[in-house]
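Structural features, examined
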Amino acid sequence: MTDLHVIDWIALLLVIVGALNWGFVGFFKLDLVKAIFGKGTTLSRVVYALVGIAGIYVIFLATQLAKK
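These notes cover the structure that comes with them. (Residues numbered from 1 in each chain as written. Predicted model: local features only at pLDDT ≥ 70, side-chain atom pairs only at ≥ 80, totals over all residues. Heavy atoms only, no water.)

1. Concerning the packing of aromatic side chains
Two aromatic rings, taken as a pair, are described by how far apart their centres are and by the angle between their planes. Taken as a whole, this structure holds three aromatic pairs when the rule is applied. On the numbers, 5.7 Å between centres and 40 degrees between planes, the contact of phenylalanine 24 with phenylalanine 28 is tilted. Highlighted residues: phenylalanine 24 and phenylalanine 28, both in helix α1 (residues 6–28), separated by four residues, approximately one helical turn. Overall, phenylalanine 24 belongs to the partly exposed group, its relative accessible area being 30%. Owing to a relative accessible area of 57%, phenylalanine 28 belongs among the exposed residues under this scheme. Considering the side-chain rings of phenylalanine 27 and phenylalanine 28, the 6.3 Å spacing of their centres and the 50 degrees angle between planes classify their relative orientation as tilted. Judged by relative accessible area, which is 71%, phenylalanine 27 ranks as exposed. Taken together, the ring pairs connect Phe24, Phe27 and Phe28 into an aromatic cluster. (Phe/Tyr/Trp six-rings, centres within 6.5 Å; stacked < 30°, edge-to-face > 60°. Helix = DSSP H or I, 4+ residues; strand = E, 2+ residues; numbered from the N terminus. Buried < 20%, exposed > 50% of the residue type's maximum accessible area, 1.4 Å probe, protein only.)

2. Brief notes about the pattern of salt bridges
Inspection of the entire model under this criterion finds one salt bridge. Between lysine 68 and aspartate 3 there is a salt bridge, with the nearest N and O atoms lying 2.3 Å from each other. With lysine 68 in the segment after α3 (42–67) and aspartate 3 in the segment before α1, this pair connects stretches of sequence that are 65 residues apart. Residue classification places lysine 68 among the exposed residues on the basis of a relative accessible area of 68%. Judged by its relative accessible area of 37%, aspartate 3 is partly exposed. (Salt bridge = Lys/Arg side-chain N within 4 Å of Asp/Glu carboxyl O.)

3. Points about the packing of α1 against α3
Contact geometry for α1 and α3: axes closest at 8 Å, N-to-C directions at 120 degrees. The orientation of α1 relative to α3 falls into the category oblique. Between α1 and α3 the crossing geometry is left-handed. Two secondary-structure elements touch here, α1 through Ile7, Asp8, Ala11, Leu12, Leu14, Val15, Gly18 and Asn21 and α3 through Tyr48, Leu50, Val51, Ala54, Gly55, Tyr57, Val58 and Leu61. Looking at the contact of α1 with α3 residue by residue, the classes come out as twelve nonpolar, three polar and one charged. (Axes fitted to C-alpha atoms, helices over the stretch in contact; angles between N-to-C directions. Parallel < 35°, antiparallel > 145°, perpendicular 65-115°, else oblique. Left-handed = near helix turned anticlockwise from the far one by under 90°. Contact = heavy atoms within 4.5 Å. Nonpolar A, V, L, I, M, F, W, Y, C, P; charged D, E, K, R; others polar.)

4. Some details on a nonpolar patch on the surface
A cluster of nonpolar side chains, contributed by Ile16, Leu20, Phe24, Phe27, Phe28 and Leu30, occupies part of the molecular surface with about 650 Å² of accessible area. For isoleucine 16, the location among the structural elements is in helix α1. (Patch = residues over 30% accessible without salt bridge, like charges linked within 9 Å, V, L, I, M, F, W, Y side chains within 5 Å. Areas by Shrake-Rupley, 256 points an atom, 1.4 Å probe, with all protein chains shown as cover.)

From the geometry alone we can't say anything about function, so treat these as descriptive.
This is the structure:
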């Protein structure tokens, strides 16, 4: 995995952040994005959108890595 580009690492980081946030929601009923940026704010929606886009990108990344 040494040939990952910066965008790959950013996407992986965002997916990890999203997974941790959902873990907090599931275990503690605590939405960290909402707690930090507010409920339904533009910034929180941007964070959720970026995590979603990163998830789609990581699907693509995983298929590329599986071919190697």
